Amino acid sequence: MTYQEAYSKLEEYGQLHVLKYYDELDDAQKEQLLQQVDETDFSVLQYIDHKDAALEVKEISPLAAMELDEINRRKDEFTRIGLDAIRRGKVAAVLLAGGMGTRLGSDDPKCMYDIGITHPVYIMQRLVENLMEVVDAAGVPVPFFIMTSDKNHDKTVSFMKEKNYFGYDPSMIWFFKQEMAPAADYSGKVYMEEKYRISTSPNGNGGWFLSMKRCGLIDKVHELGIEWLNTFAVDNVLQRIADPVFVGATIASGCASGAKTVRKAHRDERVGAICLADGKPSVIEYYEMTPELLDAKNENGDPAYNFGVIMNYLFREKDLERIVDEVLPVHIVEKKIACLDEKGNPVSPEEPNGYKFEQLVLDMVRELDTCLPVEVDRSREFAPIKNKTGIDSVESARELCKAIGIEL
Ligand code: UTP
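Residues numbered from 1 in each chain as written. Predicted model: local features only at pLDDT ≥ 70, side-chain atom pairs only at ≥ 80, totals over all residues. Heavy atoms only, no water.

Enquirer: Which parts of the structure should I look at to understand the overall build of the protein?
Expert: Counting its secondary structure elements, the protein contains 14 helices and 18 strands. A globule of 408 residues ought to have a C-alpha radius of gyration of about 22 Å, and the protein, at 22 Å, matches this closely. A principal-axis box enclosing the C-alpha atoms of the protein has dimensions of 70 × 50 × 45 Å. Taken over 408 residues, the protein has a buried fraction of 52%. At a minimum sequence separation of 6, the contacts of the protein that also span at least 24 residues come to 77%. Of note, the protein has its 48 positive side-chain charges centred 4 Å away from the centre of its 70 negative side-chain charges. (Helix = DSSP H or I, 4+ residues; strand = E, 2+ residues; numbered from the N terminus. Rg over C-alpha atoms; globule rule 2.2 N^0.38 Å. Buried < 20%, exposed > 50% of the residue type's maximum accessible area, 1.4 Å probe, protein only. Contact = heavy atoms within 4.5 Å. Lys, Arg positive; Asp, Glu negative; His and termini not counted. Charge placed at Lys NZ, Arg CZ, Asp CG, Glu CD.)

Laid out in C-alpha cells, this is it:
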C-alpha cells in the first residue's frame, strides 16, 4: 500500500494520528507501517458507539442440561459411541491458546506457566496428559490443533518442541495463528505500540474456525475425515479433552454442538449460564443476569439457569462450514493496552486504558441452532487459571489438582 492509499484509508476511519511519526521512520519501518494499515480492519472501531449491541437480547428461557445422574446411568452407551468415533478418526482437539493472559501477568504464553510445587508441571503438560488418557483408551492418536496468535506463536511452538511435545506424537499436532484486531483508546483512536506499529491484540477466541479455514487446516480436517472438533480453553488444567462420554452424549443427542457445563457453586457465581436466547442455545454472561433470572426455578424447583459453561465445546464440522460466513457479534472488552504516550515513549498501563475487540466462541453455539449442555463433575473437571491468586487462580487450581491426587 502506498503512503497516499494509507492516508486515505486512515482518513476514512479518523485515524490519521497513525502517521504522526512517519517522517522519522527508516524505510523498513515505513513499509511495515503501510503494510499494517493495509491489513488492519478498522471497521471494528465502529462498535464502540454501540458497545452493548452484543449484549442486546433477546428473550431468555431455560435450556436443560443433561445432568450427571443421567450421564452416569448411560455412561457405557456414551463411552462406546464416543470411543468408536475417536477410533474412526472422527474427533479432533482444538486448543484455543491465542489469548494474552494479562490477568495472570506472565510475559510467556499461558500454556508455559508452571503450576508445579515440587517439580515442574506446566499448564500445557496437564492438557496433553489429559488428552493422552483418551489416546491410550482409544488406542489411536487424536489430531491436535493449537491456535496461537502473533503475540505468543513462536514461544509456544518452541516450548512444545523443547519439551518434546510432552510425549504427544508431533505428526498429529498442527499450530495455526488467529487474526489480530487493533486496540483503541476510549474515544476510538487506535493506540500505537511503536512509532511504526499500531497496537493490536488477538481478536478473541471466536475466530478459530475462520482462521483454520484461511490457513488451509480445514482442508487437513477434511483430508483426515474429521467430523467433530472439540475446542477448549488453555486455562482449565483439569478438563477432559475429546472426552468419550461427552462426544458420545452429543452424537447420541443429534445436536450440532455440545457444551460442557458445571452446576453453579452458588447463585452469583461468575460463570456464563447456558440458556435459550430467542429460542436458540446461548450463553448468558453472569453480568447480564437479572435478579429475576437468578431466582427463576424450573419445574423441579431447581434454579433454571444453574449450569455454567467451562469453554469446552464440541462442534460438528459440517455445521461450522454452514455458518462460517455469518458475522459473529463483536464484544468490546476493557483492557490494559501497551502504547506510546504523547511524547512517543512506551507505556505499560497499570489499569485498563482502552478497548480490545473480540469475537467469542460461545456465540458460535448460538449460530448452530442445537446444543446439548452436558454436566460434568466440577471437582474433577474444572480448575481454571485466570489469576495468580484468589478466585480461579494458580492457588485454587493447585488445591483442586491435589484434591484428586494429581502430584504437583
Ligand atoms: P480469556 O478470556 O481468559 O482471555 O481467554 P485471555 O486473553 O487469555 O486472558 P486475560 O483476560 O488477558 O487475562 C479464554 C480462552 O480463550 C483463549 C485464551 O487463550 C483462553 O484459552 N483466547 C482468548 C484466544 O485463543 N484468543 C483470544 O483472542 C482470546
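Enquirer: In this structure, what is going on with unusual backbone geometry? I would like to understand it.
Expert: Negative phi characterises most residues that are not glycine, and trans characterises most peptide bonds. Although it is not a glycine, D278 sits at a positive phi angle of roughly 50 degrees. Here D278 lies in the loop between β11 (273-277) and β12 (280-284). D278 sits in the partly exposed class, given a relative accessible area of 45%. Its identity is not glycine, yet D369 carries a phi of approximately 75 degrees, on the positive side. Along the polypeptide, D369 turns up in the loop between α12 (362-367) and β18 (371-375).

Enquirer: Would you mind showing me how to read the packing of aromatic side chains here?
Expert: Counting across every chain of the model gives 14 aromatic pairs. Through pairs of rings, three or more aromatic residues link up here, namely W208, F209, Y313 and F315. (Phe/Tyr/Trp six-rings, centres within 6.5 Å; stacked < 30°, edge-to-face > 60°.)

Enquirer: Can you help me understand the nonpolar core in this one?
Expert: One recurring pattern in soluble globular proteins is that nonpolar side chains are buried together. I115, F144, F145, Y168, W208 and Y313 are the most contacted members of the largest nonpolar core, which totals 95 residues. In contact with F144, not counting residues within four places along its chain, are A93, L95, V128, L131, Y168, M172, I173, W174 and F232. Counting residues in hydrophobic clusters, the runner-up holds 25 residues, among them L34, L45, A181 and L340. (Core = buried A, V, L, I, M, F, W, Y, C linked by side-chain atoms within 4.5 Å.)

Enquirer: Looking at this model, I keep getting lost on the packing of helix α4 (residues 75-87) against helix α9 (residues 244-253). Mind explaining?
Expert: Between two packed helices, both the angle of their axes relative to each other and the distance between the axes serve to describe the pair. Between α4 and α9, the least distance of the axes is 7 Å, while the angle of their chain directions is 95 degrees. When the interaxial angle is binned, α4 and α9 end up roughly perpendicular. For the pair α4 and α9, the contacting residues are K75, F78, T79, I81, G82, L83, A85 and I86 in the first and P244, V245, V247, G248, A249, I251 and A252 in the second. Looking at the contact of α4 with α9 residue by residue, the class counts come to eleven nonpolar, three polar and one charged. (Axes fitted to C-alpha atoms, helices over the stretch in contact; angles between N-to-C directions. Parallel < 35°, antiparallel > 145°, perpendicular 65-115°, else oblique. Nonpolar A, V, L, I, M, F, W, Y, C, P; charged D, E, K, R; others polar.)

Everything listed is a geometric property; what it means functionally is a separate question.
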